[in-house]
Amino acid sequence: MAIVNRTPDSFYDRGATFAFDRALARVDEVVAEGADIIDVGGVKAAPGAEVGVADEIDRTVPLIAAIRKRYPDLIISVDTWRHEVAREACLVGADLLNDAWGGVDALLAEVAAEFGAGLVCTHAGGLPPRTRPHRLEYDDVVADVIVRTTGLAERAVAAGVDPAGIVIDPGHDFGKNTWHSLEVTRRLDELVATGWPVLVSLSNKDFVGESLGLPVDQRVYGTLAVSAVCAWQGARVFRAHNVAATRQVLDMVAVTRGLKPPARTVRGLA
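Every value quoted in this text rests on a predicted model; they were computed, and no experiment measured them. (Residues numbered from 1 in each chain as written. Predicted model: local features only at pLDDT ≥ 70, side-chain atom pairs only at ≥ 80, totals over all residues. Heavy atoms only, no water.)

## Some details on the overall build of the protein
Link 1 in the chain: The secondary structure content of the protein amounts to 10 helices and eight strands.
Link 2 in the chain: Its C-alpha atoms give the protein a radius of gyration of 18 Å, within 12% of the compact-globule value 18 Å for 270 residues.
Link 3 in the chain: Seen through its C-alpha atoms, the protein measures out along the principal axes to roughly 60 × 45 × 40 Å.
Link 4 in the chain: Looking at the protein residue by residue over its 270 residues, the buried ones come to 51%.
Link 5 in the chain: Here the analysis covers contacts within the protein between residues at least 6 apart in sequence; of these, 66% occur between residues at least 24 apart.
Link 6 in the chain: When the accessible surface of the protein is totalled, it reaches about 12600 Å², and 54% of it is carbon and sulfur.
Link 7 in the chain: One finds the centroid of the 28 positive side-chain charges in the protein at a distance of 5 Å from the centroid of its 36 negative side-chain charges. (Helix = DSSP H or I, 4+ residues; strand = E, 2+ residues; numbered from the N terminus. Rg over C-alpha atoms; globule rule 2.2 N^0.38 Å. Buried < 20%, exposed > 50% of the residue type's maximum accessible area, 1.4 Å probe, protein only. Contact = heavy atoms within 4.5 Å. Areas by Shrake-Rupley, 256 points an atom, 1.4 Å probe, with all protein chains shown as cover. Lys, Arg positive; Asp, Glu negative; His and termini not counted. Charge placed at Lys NZ, Arg CZ, Asp CG, Glu CD.)

The following block contains the structure:
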């Protein structure tokens, strides 16, 4: 799942794909690099300038429409917690609603059901959108993640969302400190064991930076390492900035696990 943000203040690229033409060009790049899903966002996750519903729609919906026209078979996701934005995105061809804020808008699931769209059910520790965690405590963070994400998944099914389109996301860094995110990473197999497909959004996040003592522009290798850990445990979707490198890591893990054959095997055989 390739990240394409139409925001002027993204934590990673600082607005590199805010301009419409640059965002569409980035879509072409990541498709060529092996992306299966394009995730379009119009509001950065961190606190910052207010972005209203109309502005979020203006940032995301025209791009989704353009992507759908250019790539009729590509899976398109919209990163939003607002049902109004989700509806407009689905009207122009979005396939998946990536709700990173833990179902704060219950109508989002109803939109997914209405349009036959998929839904990402994320753990955010009960925080309101665009707020940072502060001294949050869990008796068992993984248990809390499982209860909240599977609860959201069950709520979505009750609202009419196709279970085959539901994915759960532990929400690394969302409602968590670095210790929490590392614990979730180590025990990701417990989320996989719920039976719901697991999405992880690890790319260049603070828990990687704090683990290695590195700024945001030097976290690629750390991101790839935890991506491999999560892939080995069975995560199915990886939301990433660095698509080509992530694709290669995931392919290597899949080959090592015996889930796909090597691309070429002549060593010692030719």
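## Remarks on the nonpolar core
Link 1 in the chain: Counting residues in each nonpolar core, the largest one holds 60 residues, and the members touching the most others are Ile38, Ile67, Leu97, Leu119, Leu188 and Val200.
Link 2 in the chain: With six residues, the single largest contributor to this core is helix α5 (residues 141-158).
Link 3 in the chain: Dropping the residues within four chain positions of it, Val200 is found in contact with Asp169, Pro170, His172, Leu188, Cys230, Ala235, Val237, Phe238 and Arg239.
Link 4 in the chain: One finds Trp81, Ala100, Ala124 and Leu127 within the second-largest nonpolar core, a separate group that totals eight residues. (Core = buried A, V, L, I, M, F, W, Y, C linked by side-chain atoms within 4.5 Å.)

## Topic: the packing of α5 against helix α6 (residues 178-186)
Helices that pack against each other are described as a pair by the angle of their axes relative to one another and the distance between those axes.
Link 1 in the chain: Following both chains from N to C, one finds α5 and α6 inclined at 70°, their axes separated by 9 Å at the closest point. With respect to α6, the axis of α5 lies roughly perpendicular. The segment α5 lies against α6, with Val141, Val142 and Val145 engaging His180, Glu183 and Val184.
Link 2 in the chain: Each residue belonging to the contact of α5 with α6 can be placed in one class, and the counts come to four nonpolar, one polar and one charged. (Axes fitted to C-alpha atoms, helices over the stretch in contact; angles between N-to-C directions. Parallel < 35°, antiparallel > 145°, perpendicular 65-115°, else oblique. Nonpolar A, V, L, I, M, F, W, Y, C, P; charged D, E, K, R; others polar.)

## A few points about the sheet that holds strand β4 (residues 96-99)
Link 1 in the chain: With parallel pairing, the six strands of this open sheet are ordered in space as β1-β2-β3-β4-β5-β6. Two strands bound the open sheet, and with one partner strand each, they are β1 (2-5) and β6 (166-169). Strand-to-strand, the axes of this sheet are offset by a mean angle of 25°, without reference to chain direction.
Link 2 in the chain: Of the pairings in the sheet, the one linking β1 to strand β2 (residues 37-41) comprises four bridges and is parallel in character. Within β2, the position partnered with Ile3 by the bridge is Asp39. (Pairing = 2+ DSSP bridges.)

## Observations concerning helix α1 (residues 20-32)
Link 1 in the chain: Taking 1.5 Å of rise per residue, the 13 residues of α1 would be expected to cover 18 Å, and the 19 Å separating its terminal C-alpha atoms lies within 8% of that figure.
Link 2 in the chain: Among the residues making up α1, those that are buried are Ala23, Leu24, Arg26, Val27 and Val30. Mapping the buried residues of α1 onto a view down its axis gives an arc of 155°, with all of them on the same face. Seen from the open side of α1, the exposed residues pointing more than 90 degrees away from its buried face are Asp21 and Ala32.
Link 3 in the chain: For α1, the secondary structure elements touched by its buried residues are β1, β2, α2 (53-70) and α10 (243-257). (Expected span 1.5 Å × (residues − 1). Arc of directions from axis to C-beta.)

That's the geometry; what it means functionally is another story.
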